Amino acid sequence: MSDRETWRRRPTRRLRALLERGRRLVRRRFGRRYRSNGNIRLGGAIVCLLAIVAVVGPMLSPYDPTAQALERRLAGPSLAHPLGTDALGRDVATRLVYGARISLALAVGATLVRLVVGTAIGLLAATGSRLVDAALMRLVDVQLAFPGLVLALVIAGTLGPSVRNVVIALSAVGWASYARVVRSSVLAVKDRPFVESARLCGTPRRRIVTRHLLPNVASPVLVLATLNLGTVVLAAAGLSFLGLGAQPPTAEWGTMIADGRNYLRSAPWLITAPGVAIAVTVIGFNVLGDGLRDVLDPDHVDDADRRRT
Amino acid sequence: MIRALLARLGSLAAVMATVSFVTFGFVSLTPGDPAHTILREQRQSPPSEREVAAFRAEHGFDEPFVVRYFSWLGDAVRGDLGTSYYQSEPVTSLLVEHLPNTLELALAATAVALVVAVPLGVVSAVHHETWIDRTGQIAALVGVSMPNFWLGYLLILVCSLRLGVTPVSGAGTLSHLVLPAITLGTGMAAVITRLVRTSMLEVLEAEYVTAARSKGVRERLVVYKHALRNALVPVVTIVGLQFGFVLNGAVVVEVVFQRPGLGTLLVDAIFARDYPIVQGVVLVTAFAFVVTNQLVDLAYVALDPRIERGGGGDDRR
Amino acid sequence: MNALLEIDDLHVRFRSRAGSEPVRAVDGASFRIEPGEIVGLVGESGSGKSVTARSIVRLEEPGEIVDGNIRFDGRELTTADDRTLRRLRGRELATVFQDPSTSLNPVYTVGEQIAEALRVRSDPDRQPFFRELILGASSRLRSRALRSDVLDLMETVGIPRPAERIDDYPHQFSGGMRQRVMLAIALARRPSVLIADEPTTALDTTTQAAILERLAALNEEREMSVLLISHDLDVVAELCDRLVVMYDGTVVERGPVDDLRSNPAHPYTKALLGCLPRRSKPGTRLPTIDGSPSDGSRPQNGCAFADRCSFAREDCYSTAQPTVSVGEDHTVACGVPDARESTLEGAAANPNPEPESTSEATGTATTADTALAVDGGADARTGERVRRDDDPTAGTPIVELEAVEKSFRGSDALLDRLFGTDERVPAVDGVSLALRPGETVGLVGESGCGKSTLARLIAGLEEPTVGAVRLRGTAVGGVDARTDDQRAEIGVVFQHPGTSLDPKRTVGESIAEPLIEAGWAATRREDRVAELLSLVDLPLEYADRFPRQLSGGQRQRVAIARALALEPSVLVLDEPTAALDVSTQATILNLLADLRDELGLACLFVSHDLDVVRHVADRVAVMYLGRLVEVGRTERTLSNPTHPYTATLLASLPGDRDDPVPTAVADRDALAGDPPSPTDPPAGCAFHPRCPVATEECRRREPPLESVGDGTLGPRSRCLYAPEWIEAGADPPSDVDASDPGPDDE
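Predicted model, so just to flag it, every value in this text is computed and none were measured. (Residues numbered from 1 in each chain as written. Chains lettered and ligands numbered in written order. Predicted model: local features only at pLDDT ≥ 70, side-chain atom pairs only at ≥ 80, totals over all residues. Heavy atoms only, no water.)

J.: Account for the overall build of chain A, naming residues and giving values.
T.: A count of helical and extended segments in chain A gives 12 helices and 0 strands. Along the chain direction, N to C, the helices and strands of chain A fall in the order α-α-α-α-α-α-α-α-α-α-α-α. As displayed, chain A has an accessible area near 14,100 Å², and 62% of this comes from carbon and sulfur atoms. (Helix = DSSP H or I, 4+ residues; strand = E, 2+ residues; numbered from the N terminus. Areas by Shrake-Rupley, 256 points an atom, 1.4 Å probe, with all protein chains shown as cover.)

What follows is the structure, encoded as structure tokens:
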């Protein structure tokens, strides 16, 4: 009540104070440490570049990624086709750019599902009763009992090959590691005095979760997710390579390698280009993830300066 | 100790039971009538009602799901995983036929990975932030980031097509094994290198390493006797988990090198909707994975005397 | 005479992150050690004492010796090659590190680790690689000759039944026993100098006393020099011949122990001695040191201590201080005669201390008076506090424990729970205790005795298995079951300032949390946060800082502010100063005393440190193995204990004082034996296995906690022979006992 009154009375002052405070917080939390980390800069640059290519690239390319042009099939790299053409005469560079869209969208989609499901399950396990914990962790064990790609293969295979089903299949197998990371991080902070202090002043459980636990597990989850984006790109490419992902004539990197393998000797660029594209994407995510880990890992924050004694 | 072992076996059985249920459920609950789909794909034309009915009866599709699951599970426990829809061969004998090739590949790849990764990780950590370390780091980064099927083709391109030193595909001899093992081992080696390095860096900072140095122990022994054994404890877990990674990779690598193995068997079966084979392969790989991880836990006890009790993870109070 | 070990103008630097100045960890340290001598190296955290010690054996990594010399027996060590260093480490210079839980390799048996030292000693140059690896892999020490040598060493350092323990792993030993193993490893080299870096800091006082005694004996027997490093002047004083005091990388004073302790010359030495609770009269304010602890980034020239020194002159900041001789072999790095000659009290900070924060603190700590309206009933800022124990109005207890028991599950395995085979481990066993308004009760005991659990029971973080916790007469459950008012009554401060604040939230957000939950409006909240910050002497800007930007002492102030947010009447303090340096401890203890008096708080002060408890508590309760063994008024209990366990604790305190233990408590090794396992407590009196005066009767009969001496009004003790202890002690003033409110504790 009085809260609202004050707000009305001095709106600008409070707003300005709030903004200033926010700015300070942002600067303090995402300040030099991030910008000065070489890994974050390199990985971030690669990922940003890829994102730009995926969004803008298709508009710039003069070719259709799927239209066949048999008269210029298997042409080597040239000015018109910097990365050559494939067996159906399609421009490899154009297909690569379209492929970036699928790969990135797929990676982000599957990772998001994994993250949300895994975090929810991990939180529930760590904060719920022992029974809930035991049951959920059994579930995690079961998921981890399957070699991920094998299970994804079966799911994608039974649901029928398509990009959507690849997302479903890869979401169904990757969430368990998030659940484990979240659970163990929550357990690590759950009995810290600051959480007990919150309990002591009567903070309800849900608010303890959102106010103290989630912010403190955000770092490992963020790092895991970044590294995971790379893994998903690899797995999705693998599924497509096996014929269980994107279907021809869709331009997808894994499919492109599968198509190109028959011309290994005569047109090696057909597998080189998409292979390099996949590797660079995954390197980008990995480097960014490593950088985030360096910066976010609380053990490394003050240590270097406070080594003495 | 015995109680801990019992507890462990109990949870193992529970996990495997659920795994089998999931395996069976996934395949059985596919959209559409499997009999119809399979028959149509088999003969490239819509099957007659009678054919469908006959197929359903033959493979027990008319029973309710739960009944089918338990009869399948009962058979599976006795080693009978059903019969392939197409090859009319028992799934078990197909598995027995294909398993050795995959096992061979997995072991060879693990060996390649360990031989490369552990020394590389140790050397990187000991020469922290020198060119050796940086080169190793970059190599490891590229290693984890390369799709293994692509690496496989690159190796084929160079070693088989250009140099002609190894056969392109097939299985049986040692020369057939070299390229697939390298292909599969690279990713694993990269992961293990990174892990050994981080773990070693952490351990080298430990007070007991300083204490060992203060005793006058030679630096080489400080590294290999005092630090490495401690650093290997977390590595062993990951190697166990990496075995799952190897099984994943084996699928793809077997397709690339056209090696007959569980992977090629599985992929072919998925496309053919030969569900008994799919179920069999998934069950066997999951079982192998779970058992490996239990073995890893035992290795843990040997490496780290602090872990004596078997099961109860005491991280929750 | 030629010194055995000589450190001359040593400079060690740490390269910090790119861009910033390197940290000068050691900045011109010089001292020497003669053969057979024990030298104490004293300083607070950040003083560079550990780095100095490590530099001697050339383990200064990741630091870097940039200047100065280290000479051992005439040989220069700063330029020595690896082979020479290995020989010296293996045969001459042995080191014992601070934390025995991390300095033994967890994967090798202790026998192997001691044997390794023996093998290295016998031939430092030839250490066959594969033989060593194979020997390490074996879980049993095989060589018979080595085995008997190892057993001898284990015997020497006082490990009971060495033959049974030689093939055990470090984690199977207690902290004290592990430190003995470290000592055995050091002795295996028959060194001429033993460098012990805070060897007892991680241990209980009883264990500490035993280890120190062992060190002294070894020094005598083997004519081995010892460099003993400690943050606690009194700990080293007992043993040492000479002392070296370091501050911020430099040696500020050195001299013979008695002269230095009776006539300290450097203002820092004086302040350091002054701020020890055991040196002040109980209840008085402790002298403190101004300003913040050093961080190694001070200017190039001038005295490191200048900005905290009340005698600092202009040139102290700019020119290097001369080394002045103030006695035989006693020198001090201070050029100000007034400072050198001042008294202990004079050197300490003024009676109204500023917070141990930076200079920006000064301007803002002025909004204090708003929250201090509560009548404290005592002269807060100066003089001696009015002790609460004879205050007749302090009648009804605020908090009462009624025969409280708390046990934990011993195992977490599902099977155990299914079969009901899980053992319950008792942590608190039948404790009754009362806390009255304005009273401070000190709860003492060794680690693992259940004192923290007791504090948590009062706070509501645990619920008793049996018995009840009463708050103003009403039985209360766990914290979730308490009403808002009940929760507001009790504030809690935890031990580790590092973990008691949420690292992701600002100081202001942390302090405001209780207010938010109590439904305070935003503006009122902000005012209250400001009020609380000034109450704990922190500037208002700190509201926007994160915990990692604060020092340990500042974090603890924030934790106290937060505990006081809702104006509680009870403060539960669980080892609030255990993780802090002595000078910071002094400021926090003063702050707590002020707040307690100004706000009329009742306090439960949990501590392992009897000196701190003696300083702050009106009454003291001694806990052993989950039970109270003695309860009584502080002066009385800590001067005339009525239980041998209390006497033991007192006897193991460092520093020169009259031994309060009437009987010969000579065998400290027995006392330092590990407390029995709580799952399997001994029959009869729980203390009898470690008790120096136990009789047959003690083994059979477990005594109750009973009043001794003057009928129902005296102290209470759980010893069969308590009356005899009373008689043995100095005349108990019975008239004071009459007002002891002991009985209603039962």
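J.: Could you give an account of the packing of aromatic side chains, with specific residues and numbers?
T.: Counting across every chain of the model gives 17 aromatic pairs over all chains. Relative to Phe 305 of chain C, the ring of Tyr 268 of chain C has its centre 5.3 Å away and its plane inclined at 65 degrees; by these criteria the two rings are edge-to-face. Of the two residues, Tyr 268 of chain C is situated in helix H12 (residues 267-274) and Phe 305 of chain C in the loop between H12 and strand E11 (324-327); the sequence distance between them amounts to 37 residues. On the basis of relative accessibility, which here comes to 0%, the residue Tyr 268 of chain C falls in the buried class. Aromatic ring contacts, followed pair by pair, group Phe 21, Phe 24, Phe 65, Tyr 69, Phe 70 and Trp 72 of chain B into a single cluster. The ring of Phe 173 of chain C carries Arg 165 of chain C above its face, with NZ or CZ at 4.0 Å from the centroid. The ring of Trp 520 of chain C is capped by Arg 524 of chain C, whose NZ or CZ atom sits 3.8 Å from the centre of that ring. (Phe/Tyr/Trp six-rings, centres within 6.5 Å; stacked < 30°, edge-to-face > 60°. Buried < 20%, exposed > 50% of the residue type's maximum accessible area, 1.4 Å probe, protein only. Lys NZ or Arg CZ within 6 Å of the ring centre and 35° of its normal.)

J.: Explain the packing of helix H10 (residues 205-241) of chain A against helix H19 (residues 507-517) of chain C to me, and be specific about the residues and the numbers.
T.: A pair of packed helices can be characterised by two numbers: the angle between their axes and the separation between those axes. Relative orientation of the contacting elements H10 of chain A and H19 of chain C amounts to 160 degrees, with a least axis distance of 14 Å. Relative to H19 of chain C, the element H10 of chain A is oriented roughly antiparallel. You can see that H10 of chain A and H19 of chain C cross each other, and the crossing is right-handed. Along the contact surface, H10 of chain A presents Arg 207, Arg 211 and His 212 of chain A, while H19 of chain C presents Glu 513, Ile 516 and Glu 517 of chain C. Of the residues assigned to the contact of H10 of chain A with H19 of chain C, the class counts are 1 nonpolar, 1 polar and 4 charged. (Axes fitted to C-alpha atoms, helices over the stretch in contact; angles between N-to-C directions. Parallel < 35°, antiparallel > 145°, perpendicular 65-115°, else oblique. Left-handed = near helix turned anticlockwise from the far one by under 90°. Contact = heavy atoms within 4.5 Å. Nonpolar A, V, L, I, M, F, W, Y, C, P; charged D, E, K, R; others polar.)

J.: Quick one: what's the story with the interface of chain B and chain A, residue by residue and with numbers?
T.: Each partner contributes residues to the interface: chain B has 47 residues there, and chain A has 51 residues. The junction of chain B with chain A conceals about 4,100 Å² of combined surface from both sides, 73% of it contributed by carbon and sulfur atoms. Applying the counting rule to chain B against chain A returns 1 salt bridge. Between Asp 290 of chain A and Arg 194 of chain B there is a salt bridge; the shortest N-O distance is 3.0 Å. Secondary-structure elements contributing two or more residues to the side of chain B that touches chain A are helix H1 (2-28), helix H6 (131-145), helix H7 (148-162), helix H10 (219-256), helix H11 (262-272) and helix H12 (275-303) of chain B. Among the elements that take part in the side of chain B that touches chain A, H7 of chain B stands out by supplying 8 residues, more than any other. (Buried area = accessible area lost by both parts, 1.4 Å probe. Salt bridge = Lys/Arg side-chain N within 4 Å of Asp/Glu carboxyl O.)

J.: An account of helix H17 (residues 451-459) of chain C is needed here, citing residue identities and associated values.
T.: Burial of H17 of chain C is extensive: 8 of the 9 residues sit out of reach of the surface. Looking at H17 of chain C, one finds that the buried residues are Lys 451, Thr 453, Leu 454, Ala 455, Arg 456, Leu 457, Ile 458 and Ala 459 of chain C.

J.: Help me get a handle on the sheet that holds strand E8 (residues 225-230) of chain C, residues and values and all.
T.: Residue and element names in this part refer to chain C. Here we have 8 strands laid out as an open sheet, ordered E6-E7-E8-E3-E9-E10-E12-E11, and mixed in their pairing. Both outer strands of the open sheet, strand E6 (93-96) and E11, are each paired with one neighbouring strand and no more. Strand after strand, the sheet turns through a mean of 20 degrees between neighbouring axes, direction not considered. Bridge count for strand E10 (residues 250-256) against strand E12 (residues 330-332) is 2 bridges, and the pairing is antiparallel. Counted as the bridge partner of Glu 253 is Val 332 from E12. Relative to the sheet, helix H8 (residues 175-187) contacts E6 and strand E7 (193-197), its axis offset from that of E6 by approximately 175 degrees. (Pairing = 2+ DSSP bridges.)

J.: Outline the environment of Pro 337 of chain C, listing residues and values.
T.: Within the fold, Pro 337 of chain C resides in helix H13 (residues 337-341). For the pair Pro 337 of chain C and Val 469 of chain C, spaced 132 residues apart in the sequence, the C-alpha separation amounts to 58 Å.

J.: Please give an account of the UniProt feature "domain: ABC transmembrane type-1" (unreviewed entry) in chain B that cites residues and values.
T.: Within this structure's numbering, the places UniProt gives as "domain: ABC transmembrane type-1" (unreviewed entry) are residues 99-300 of chain B. Split by type, residues 99-300 of chain B is 85% helix and 0% strand. Its first and last C-alpha atoms lie 27 Å apart. (UniProt positions renumbered as here; feature names shortened; annotations may be inferred.)

J.: Explain the UniProt feature "domain: ABC transmembrane type-1" (unreviewed entry) in chain A to me, and be specific about the residues and the numbers.
T.: Feature annotation in UniProt places "domain: ABC transmembrane type-1" (unreviewed entry) on residues 100-289 of chain A, given in this structure's numbering. The span residues 100-289 of chain A is 83% helical and 0% strand by assignment, and the distance between its end C-alpha atoms comes to 19 Å.

J.: An account of the sheet that holds strand E14 (residues 424-435) of chain C is needed here, citing residue identities and associated values.
T.: All names here are of chain C. Reading across the sheet, the 4 strands line up as E14-E13-E16-E17 and stay open at both edges, with antiparallel pairing between neighbours. Whereas interior strands pair on both sides, the edge strands pair on one side only; in this sheet they are E14 and strand E17 (474-476). The sheet shows a mean angle of 35 degrees between the axes of neighbouring strands, direction not considered. Running at roughly 115 degrees to strand E13 (residues 399-409), H17 makes contact with E13, E14 and strand E16 (466-471) of the sheet.

J.: Got a sec to walk through the UniProt feature "transmembrane region" (unreviewed entry) in chain A? Specific residues and values, please.
T.: Here, UniProt's "transmembrane region" (unreviewed entry) annotation points to residues 38-60, 102-127, 139-159, 221-246 and 266-288 of chain A. From the first C-alpha to the last, residues 139-159 of chain A spans 22 Å; its make-up is 90% helix and 0% strand.

J.: Give me the nonpolar core: which residues, what numbers.
T.: Nonpolar side chains in soluble globular proteins generally cluster together in the buried interior. Of all hydrophobic cores here, the largest spans 152 residues; its most connected members are Leu 153, Leu 170, Phe 241 and Ile 278 of chain A together with Val 19, Met 200 and Leu 266 of chain B. For this core, the leading source of residues is H10 of chain B, giving 17 residues. Among the domains, domain 1 (2-78) and domain 2 (99-308) of chain B are the pair contributing at least three residues each to this core. Aside from chain neighbours lying at most four places away, what touches Leu 266 of chain B is Val 150, Leu 153 and Val 154 of chain A together with Val 278, Val 281 and Val 282 of chain B. Counting 118 residues, the second largest nonpolar core, distinct from the first, contains Ile 185, Leu 228, Val 558 and Ala 586 of chain C. (Core = buried A, V, L, I, M, F, W, Y, C linked by side-chain atoms within 4.5 Å. Domains from an automatic or database assignment.)

J.: Any chance you could break down the domain arrangement of chain B for me, citing the residues and the numbers?
T.: All names here are of chain B. When cut into domains, chain B gives domain 1 (2-78) and domain 2 (99-308). The distance between the C-alpha centroids of domain 1 and domain 2 comes to 33 Å. Listed as interface residues are 17 residues of domain 1 and, on the opposing side, 13 residues of domain 2. At the boundary of domain 1 with domain 2, total buried surface from both sides reaches about 1,300 Å², with 73% on carbon and sulfur atoms. At the boundary of domain 1 with domain 2, the tally comes to 0 residue pairs in polar contact (both at pLDDT 80 or more). Mapped onto the side of domain 1 that touches domain 2, the elements with two or more residues apiece are H1, helix H2 (34-43) and helix H4 (65-77). The greatest single-element share of the side of domain 1 that touches domain 2, amounting to 10 residues, is contributed by H1. Looking at the side of domain 1 that touches domain 2 residue by residue, the class counts come to 10 nonpolar, 5 polar and 2 charged. (Polar contact = N/O pair within 3.5 Å; in protein donor to acceptor, adjacent residues only side chain to side chain.)

J.: Outline the pairing of strand E1 (residues 5-14) of chain C, listing residues and values.
T.: Residues and elements named next belong to chain C. Two strands pair when backbone bridges link them, and E1 and strand E2 (residues 23-33) are joined in this way by 8 bridges, in the antiparallel orientation. Residue pairing for E2: Phe 14 is matched across the bridge by Val 23. As paired strands, E1 and strand E4 (residues 63-72) are joined by 8 bridges and run antiparallel to one another. Its bridge partner lying in E4, Val 12 is registered against Ile 65.

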